[in-house]
Amino acid sequence: MVKHILAIDDVEEDFSKILKWAIEFKRLWKEGDEVAMNFLPLDTLAIGSIYEKPSTRTRVSFEVGINRLGGYPLTLLKNDIQLGKSETVGDTSQVLSRFLGAMTYRCYAHADVEELAKHADVPVINALSDKHHPCQAAADLMTIMEHFDDVSKLKVAWVGDGNNVLHDLMLACAMLGIDIHYAIPEGYEPSEEVVKRTKSLAAKNRSKVVVTNDPVEAVSGAHVVYTDVFISMGEEHMKDKIKSFDGFQVNEKLVSNMDENWKFMHCLPAHRGDEVTDWVMDHDHSIVFDQAENRMWAQMSLLAYLVSEGAWEAMFEFMGLD
Ligand code: CP
Ligand code: NVA
């Protein structure tokens, strides 16, 4: 059966292995290790990426990562293809399945990436929908694992909107047994359905999921604070929304409540001066550009895992991981 990644808990079983693979493969590749550099599981395959919304990180990290795995990236911008004009998502999916080794899709409605996957004969990866951003969460947890030795003891805090990035971050933290505390203004809470999934994973992995309206309470003693824009793509008409986020900015005063080895995370792009100050963004404790780089390594692991699991497993063993 073809595997898809529409939300990060779709890879619950192998999540930790996928991240360890990405961390070690990145290290070997940067050392110039010949086995890693000649690992080409996507050889001769074209991987197509459909974008309904703009992107810097997702697009470039997929294009470069696919190339490094021996594949051929095809970026399909919405204005240039028939999707949404004269062709349905389902028909597009069946046509593209005849050419491609896998598809990624950045869309507005999460139902659209579900529809693409439903009709696809090849793996589909959600490259951000209004509900989920699994590739971001994979890179984020990879980054956390690189910066902290024992992730099971961590407290991660989210301050801001209850959005797509939070959804996959909370699922991912719960899958690794990391406590997640999120502070959200009233009316902007995450999806109840995703919170329910998160709580069930957290119960299994003995971690906490704590909600509050108070940013100070959320970040108290935390090791990581994460925020995102208050107005996401597709919400540009909701300019007044920003007024509800008074007091939810990540700034010097807020992080003074954290563990002394605090780290700041953001999926980017950041709106400096809104959800985060320059002081925090540019601080030594900010790891936002590590997160951005790790989009590529984490996605390389996800792609190899989905498209060529045997080769991915063989590389896992070669790297001496368990
Ligand atoms: N974080 C992220 O998905 O960035 P892009 O919108 O630039 O792809
Ligand atoms: N929540 C943001 C994330 C951008 C990477 C959005 O959906 O626009």
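It should be noted that the structure appears before, not after, this text.
Residues numbered from 1 in each chain as written. Chains lettered and ligands numbered in written order. Predicted model: local features only at pLDDT ≥ 70, side-chain atom pairs only at ≥ 80, totals over all residues. Heavy atoms only, no water.

In this structure, what is going on with the nonpolar core? I would like to understand it.
Looking at soluble globular proteins, one finds that nonpolar side chains tend to be buried together. Core analysis: the biggest nonpolar cluster contains 71 residues, and Ile8, Phe15, Phe25, Leu141 and Leu303 have the highest contact counts within it. Grouped together as the second largest cluster of nonpolar side chains are 21 residues, Val219, Val225, Val255 and Met281 included. (Core = buried A, V, L, I, M, F, W, Y, C linked by side-chain atoms within 4.5 Å. Buried < 20%, exposed > 50% of the residue type's maximum accessible area, 1.4 Å probe, protein only.)

Would you mind going over the site of ligand 2 with me for this structure?
Close contacts around ligand 2 come from Leu128, Asn163, Asn164, Val165, Asp228, Ser232, Met233 and Leu268, and that covers them all. Between ligand 2 and the protein, one listed contact pairs an oxygen atom with a side-chain N or O atom of asparagine 164 at 2.8 Å. Aspartate 228 places a polar side-chain atom, nitrogen or oxygen, 2.7 Å from a nitrogen atom of ligand 2. Across the complex, the protein chains shield 95% of the 270 Å² of accessible surface that ligand 2 would expose by itself. Split into classes, the residues belonging to the shell around ligand 2 amount to four nonpolar, three polar and one charged. (Near = heavy atom within 4 Å. Polar contact = N/O pair within 3.5 Å; in protein donor to acceptor, adjacent residues only side chain to side chain. Areas by Shrake-Rupley, 256 points an atom, 1.4 Å probe, with all protein chains shown as cover. Nonpolar A, V, L, I, M, F, W, Y, C, P; charged D, E, K, R; others polar.)

How should I be thinking about the site of ligand 1 in this particular structure?
Around ligand 1, the neighbouring residues are Ser55, Thr56, Arg57, Thr58, Arg106, His133, Gln136, Cys267, Leu268 and Arg295. Between ligand 1 and threonine 56 there is a distance of 2.7 Å, counted from an oxygen atom to a backbone nitrogen or oxygen. Between ligand 1 and glutamine 136, the relevant distance is 3.0 Å, taken from a nitrogen atom to a side-chain nitrogen or oxygen of the residue. Looking at side-chain class alone, the shell around ligand 1 contains two nonpolar, five polar and three charged residues.

I'm lost on the side chain of glutamine 291 in this one. Help?
With respect to the helices and strands, the residue glutamine 291 is situated in helix α12 (residues 288–307). Excluding its chain neighbours within four sequence positions, the residues that come into contact with glutamine 291 are Gln136, Ala139, Asp140, Thr143, Tyr226, Phe264, Met265, His266 and Cys267. (Helix = DSSP H or I, 4+ residues; strand = E, 2+ residues; numbered from the N terminus. Contact = heavy atoms within 4.5 Å.)

Would you mind showing me how to read the pattern of salt bridges here?
Side chains that carry opposite charge are capable of pairing whenever their charged atoms lie near each other. Scanning all chains against the criterion turns up 17 salt bridges. Between aspartate 9 and arginine 197 there is a salt bridge; the shortest N-O distance is 2.9 Å. Of this pair, aspartate 9 sits in the segment before α1 (15–31) while arginine 197 sits in helix α8 (residues 192–205), placing them 188 residues apart in sequence. Owing to a relative accessible area of 18%, aspartate 9 belongs among the buried residues under this scheme. Classification of arginine 197 as partly exposed rests on a relative accessible area of 22%. When the shortest N-O distance is used, the salt bridge between lysine 17 and glutamate 313 registers 3.0 Å. Residue lysine 17 is located in helix α1, and its partner glutamate 313 is located in helix α13 (residues 309–318); the two are separated by 296 residues in the primary sequence. With relative accessibility at 23%, the residue lysine 17 sits in the partly exposed group. It is possible to trace a salt-bridge network through shared partners that takes in Asp9, Lys131, Glu193 and Arg197. (Salt bridge = Lys/Arg side-chain N within 4 Å of Asp/Glu carboxyl O.)

What is shown is where atoms sit, not what they do.
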